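Structural overview for review
In case you want the letters, here they are:
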Amino acid sequence: MRLGIISALSEEQQGLVEAMQSPYKLIHGQRTYWVGQLWEIDAVCVLSRIGKVAAAVTTTTLVEKFGVTHILFTGVAGSGDRSIKVGDIVVAESLVQHDMDASPLFPRFEVPLTGMTHFPADHHLGTRLLDAAYAFLENDFSDAIDPLEKAAFGLRQPRIHRGLIASGDQFVNDREHINGLNAALPGLVAVEMEGAAVAQVCHELNVPCAVIRTISDNANENAATDFLRFVKSVAAQYAFHIVRRFCQQTKVL
Ligand code: SAH
């Protein structure tokens, strides 16, 4: 196994790169790839930057140039459903590009000439990520997150959800928009800007992928408030401990 780990924001990646054993750095196509070992798993960490094209080219490079066999995307996302709260964790079952619309030539959301609206995430990898996320909440959450930050963001007992993640080249911060997506996409758990691009590339190149996101906002008018503070003080800790537990579990399998 050679694991490609993609993050969209540098705050989320930092702890992982610091934890790498004998890392070396390779710059290619305006991206910095960190190649090394994470908890004894061969790994390549990279920042995709934001958006579907950025994520697609990064994923392709990980597979074609770095020979990764599995891909993991960690990041933050807006809530896709009223029942899903800031601080909850979502794992993708499948992913859709919510801004893809070639209707009336093709059904809304269908990626033309693939016949697909939903691109699957790898079920087995997703289940292992879920296990890591449950272990994080049970064992690490209380110590890993500063109590002041927990209070500031109203984090009490975060929950974990598995379902549909929708990606598009928009930061969704409008109540009507998110409600419309929720109505059009049954099972929606989160909106973000990269996951479905990663899933399409992985589908086309036949590489298993998984996407895990910490809910940072409600995709409404307040979405941008404290966004970076949440990423730094909360989401970065989630990503670090979940990936650590994922690698440690994987090693003993
Ligand atoms: N205001 C932020 C914007 C970052 S873009 C800034 O100044 O840095 C948001 C990133 O987080 C993307 O990588 C996306 O995948 C994710 N994300 C979080 N909440 C989102 C939302 N409500 N809509 C779309 N993407 C969201």
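Up top is the structure these notes are about.
First things first, this report covers the structure right here in the doc. In this text the structure is predicted, and so the values were computed from the model without any measurement.

So, unusual backbone geometry
In this chain, Ser 103 is followed by Pro 104 through a cis amide linkage whose omega measures 5°. Along the chain, the position of Pro 104 falls in the loop between strand S6 (89–97) and strand S7 (118–120). Positive phi outside glycine occurs at Trp 39, with the angle close to 45°. Tracing the sequence through the fold places Trp 39 in the loop between strand S3 (31–38) and strand S4 (41–47). Of the residues examined, Trp 39 reaches a relative accessible area of 17% and is grouped as buried. In this model, Asp 226 sits at a positive phi of 60°, which is unusual for a non-glycine residue. By the element assignment, Asp 226 lies in the loop between strand S10 (209–217) and helix H7 (227–252). Accessibility expressed as a relative area gives 41% for Asp 226, which makes it partly exposed.

Notes on the site of the ligand
Taken together, the neighbourhood of the ligand is formed by 17 residues, with Val 76, Val 172, Met 193, Glu 194 and Asp 217 sitting nearest. Here a nitrogen atom of the ligand and a backbone polar atom of Val 172 are 2.9 Å apart. Out of a free accessible area of 560 Å², the ligand has 83% covered by protein chains. Sorting the residues of the shell around the ligand by element identifies strand S5 (70–79), strand S9 (188–192) and S10 as the ones contributing at least two each. Residue composition of the shell around the ligand, grouped by class: 10 nonpolar, 3 polar and 4 charged.

Conventions and cut-offs
Residues numbered from 1 in each chain as written. Predicted model: local features only at pLDDT ≥ 70, side-chain atom pairs only at ≥ 80, totals over all residues. Heavy atoms only, no water. Helix = DSSP H or I, 4+ residues; strand = E, 2+ residues; numbered from the N terminus. Buried < 20%, exposed > 50% of the residue type's maximum accessible area, 1.4 Å probe, protein only. Near = heavy atom within 4 Å. Polar contact = N/O pair within 3.5 Å; in protein donor to acceptor, adjacent residues only side chain to side chain. Areas by Shrake-Rupley, 256 points an atom, 1.4 Å probe, with all protein chains shown as cover. Nonpolar A, V, L, I, M, F, W, Y, C, P; charged D, E, K, R; others polar.

In short, geometric facts, not functional conclusions.
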